[in-house]
Amino acid sequence: MKISRIETFLAPPRWMFVRVETDEGVVGWGEPVVEGRAEPVRAAVEVLSEYLLGRDPSRIEDHWQVMTKGGFYRGGPVLSSAVAGLDQALWDIKGKRCGVPVHQLLGGPVRDAVRAYAWIGGDEPDALRDALTGQIEAGFTAVKMNGCGRMTPVATRAEVRACLRRAETAREVLGDERDFGLDFHGRVSPANARRLLPLLAEAAPMFVEEPVLCDYPQVLHDLVNSSPVPLALGERLYTRREFLAPLESGVSVLQPDVSHAGGISELRRIAALAEVYGAQLAPHCPLGPVALAASLQIAFTTPNFLIQEQSLGIHYNQGAELLDYVVDPEPFRFHGGTLLRTDRPGLGVEVDEAAVRAADEKGHAWRNPVWRHEDGAFAEW
């Protein structure tokens, strides 16, 4: 079997798919994208395809090594995301060729259901209570929301109180039996994080995500030691080496993205590294169905898995939804806030190729907002 064709498709709302075809007719799908920078990732996939075309798709690890290390300059979100999508597609092909789900090729399942959380935004606190109630009624036992909007580097008391009110509202609506994650989204400075984290203890979030930007790894140790709330991060880290410093600082939850951090091959290694430090895995995935399907293959076979992000109904999904590009939505049907394991081969998702090709004709040029402080200076979004 040889790889005979590789195609990419830009699909609204902000996703990209890659289709890897073999000369025996077996097709694998992946989802390589950097949200807001899909076009450079597409170009990177085209460059990597020069190497893959004509080669045996079953040599996944060897291809991963060459794609990540075969160039003199390595790493970064664009290259890592291109590799990630191609890696997913190669695993999809191997599973389909063997007639088994990818999690069986990774050592077999350790669980039969994966707990997931729903996004409720949080940038608009006035709508928070209704959004929380809606997800409870949908059967979810956990949600995630933004902990704040734009925040000045040294927050006012009003900004601090606004963050605390979000958490207090979530706990009040959810009660003690359900969980919520609070995402600082890199909007909070180290000074503000030191102030906020102890104050959030009473509301008992499951974790606080991106308590500071990954630009400040040197402050993580002190934040962990001063925070009664578990800290989580990782959506902007791309290799297991980048996760080592947060783990050594005591971060409790790692959140690598299977479409950014080198694909299934690297995510399973990041999970194993986290297990050494007693940390949990909660894969980042506000993306499309192939990324979610790949994430689930990791979740089913990872002992230290905590919870899975997914994008159904997320506020980014304007113009398309999670299930718009799949033939059968059953693998993504929630049962009390969980997704059940199936024995479907490969990644376990059947992509609606006609819908993907039609979407690519329209394409997208999604860009994240650019925020500014009241004085006109750039603010983290």
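Residues numbered from 1 in each chain as written. Predicted model: local features only at pLDDT ≥ 70, side-chain atom pairs only at ≥ 80, totals over all residues. Heavy atoms only, no water.

Going by an unreviewed UniProt entry, the protein carries the name Galactonate dehydratase and comes from Streptomyces natalensis ATCC 27448.

A. Molecular detail of helix α11 (residues 289-301). Compared with an ideal rise of 1.5 Å per residue, which puts 13 residues at 18 Å, α11 spans 19 Å between its outermost C-alpha atoms and is within 8% of the ideal. Counting buried residues along α11, 13 of its 13 residues qualify, which places the element largely inside the surrounding structure. (Helix = DSSP H or I, 4+ residues; strand = E, 2+ residues; numbered from the N terminus. Expected span 1.5 Å × (residues − 1). Buried < 20%, exposed > 50% of the residue type's maximum accessible area, 1.4 Å probe, protein only.)

B. Seen up close, the nonpolar core. L86, F180, L182, F184, L200 and I264 are the most contacted members of the largest nonpolar core, which totals 110 residues. Here this core gets 9 residues from one element, more than from any other, and that element is α11. Formed jointly, this core draws a minimum of three residues from each of two domains, domain 1 (3-100) and domain 2 (104-347). Apart from residues lying up to four places away in sequence, F184 is in contact with C163, L196, L197, L200, V208, E209, E210 and P211. If you look at the next biggest cluster of nonpolar residues, it comprises 15 residues, including Y117, F207, Y316 and W366. (Core = buried A, V, L, I, M, F, W, Y, C linked by side-chain atoms within 4.5 Å. Domains from an automatic or database assignment. Contact = heavy atoms within 4.5 Å.)

C. Representation of the pairing of strand β3 (residues 27-30). Covered by surrounding structure in β3 are V27 and W29 together with G28 and G30, the residues of both alternating faces. Of the pairings in the sheet, the one linking strand β2 (residues 15-22) to β3 comprises 4 bridges and is antiparallel in character. Bridge assignment links E21 to a residue of β3, and that residue is V27. Where β2 hands over to β3, the hairpin turn is made up of 4 residues, of which G25 adopts a positive phi near 90 degrees. (Pairing = 2+ DSSP bridges.)

D. Representation of a nonpolar patch on the surface in the model. A surface patch of nonpolar side chains, about 280 Å² in accessible area, is lined by L244, V276 and Y277. Tracing the backbone through its elements, the reader meets L244 in helix α9 (residues 240-249). By relative accessible area, which is 33% here, L244 ends up partly exposed. (Patch = residues over 30% accessible without salt bridge, like charges linked within 9 Å, V, L, I, M, F, W, Y side chains within 5 Å. Areas by Shrake-Rupley, 256 points an atom, 1.4 Å probe, with all protein chains shown as cover. Salt bridge = Lys/Arg side-chain N within 4 Å of Asp/Glu carboxyl O.)

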